[in-house]
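The residues making up each chain are set out below.
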Amino acid sequence: MLERLLVAAVIVAVGVAAYCAYNRLTLRQVARHAPRDPLLSNIQANTPTVIYFTTPFCDPCRTQQQPALKQLQAELGDQVQVVKVDATEAPDVADRWGVFSAPTTFILDRNGSPRYVNRGVASTERLKEQLGSL
Amino acid sequence: MTDANATRRVDHSALRTNQAFIIGLLIAAFVLNAPALVAFVAAVMLIGTALPSVALFKAVYLYALKPLNIARPDVRHDNPEPHLFAQGVGGAVLTVASLMFAAGAAGIGWVLAWGVVALAALNLFAGICVGCLMYYTLHRLGVLGFTRAPIQQ
């Protein structure tokens, strides 16, 4: 049984590691094209940015992610900017940013470099924590 | 949102409880080398899909976790059908896994069971419901029976 427990632990660890590695790879790829990405051409310089990918049919976006971002903006005001992208209207942008589900949020630092990616709903606390670590 | 949609609600805490039980029991089944537990989870999922009112893991949530304040209700405007479909797909995969165990192909059975664990974990931890995406894709393709469109604001 101990052997199977170890195998299960390894499978879970590999799964988690693969997920984290995929997210890191996404961030690295996005970082490569971010400086000349048209999506970021209008963002305010020296301000951390949240890039929020959504779709019109995404229930968690409407019920959880959108309110979390509204609260974030209410609390942080000008200290953060949020760029909303409808992935159905801009599928090329979603592909370029490695987005395969909604909601997906990217946290960009003051220099416009992507530092975090959240696949699925990211709470206000989580976003604040990520922004605070920049 | 239409009036009809306004009355459609799903308690996502119940869904998360369901996913947590599925993940926990399937990993326990692997550790204990108990294919019967996989068949049990398959049966619970398929019965819960066909008769949601007698869904076992949901009942644990409703009659134990919720009254004891271990899990708080998280009721949202949502369609229950895609979630039931996702559960049904998971139950079907676990049924195939059980048949594989019975046929002596335990390796394939465990791969299928771990696949269900992965998809349930993706839903529980990242909020990505692959079965729901399948349901809405089939709806957009006009497949018979997939009548519910995503609820919009």
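For clarity, every value in this text was computed on a predicted model and none was experimentally measured. (Residues numbered from 1 in each chain as written. Chains lettered and ligands numbered in written order. Predicted model: local features only at pLDDT ≥ 70, side-chain atom pairs only at ≥ 80, totals over all residues. Heavy atoms only, no water.)

## Digging into the state of the cysteines
Working step 1: Counted according to the given criterion, the structure contains two disulfides over all chains.
Working step 2: Across a sulfur-sulfur distance of 2.0 Å, Cys58 of chain A and Cys61 of chain A are joined as a disulfide pair. Across the disulfide from Cys58 of chain A to Cys61 of chain A, rotation about the S-S bond amounts to roughly 85 degrees, and the bridge is consequently right-handed.
Working step 3: In this structure Cys58 of chain A comes out as buried when scored by relative accessible area, which is 7%.
Working step 4: Each sulfur of the disulfide joining Cys129 of chain B and Cys132 of chain B lies 2.2 Å from the other. Taking the torsion about the sulfur-sulfur bond, which here is approximately 70 degrees, the covalent link between Cys129 of chain B and Cys132 of chain B counts as right-handed. Each member of the pair, Cys129 of chain B as well as Cys132 of chain B, is classed as buried. (Disulfide = S-S within 2.5 Å. Buried < 20%, exposed > 50% of the residue type's maximum accessible area, 1.4 Å probe, protein only.)

## Some points on the confidence of the model for chain B
Do not read the predicted coordinates in detail wherever pLDDT is low.
Residues and elements named next belong to chain B.
Working step 1: The predicted model of chain B has a mean per-residue pLDDT of 91, with 94% of residues at 70 or higher.
Working step 2: Across chain B, the secondary-structure element scoring lowest on mean pLDDT is helix α1 (residues 3–6), at 54, and the one scoring highest is helix α3 (residues 35–50), at 97.
Working step 3: The ipTM assigned to the predicted complex is 0.76, against a pTM of 0.80. (pLDDT = per-residue confidence, 0-100. Helix = DSSP H or I, 4+ residues; strand = E, 2+ residues; numbered from the N terminus.)

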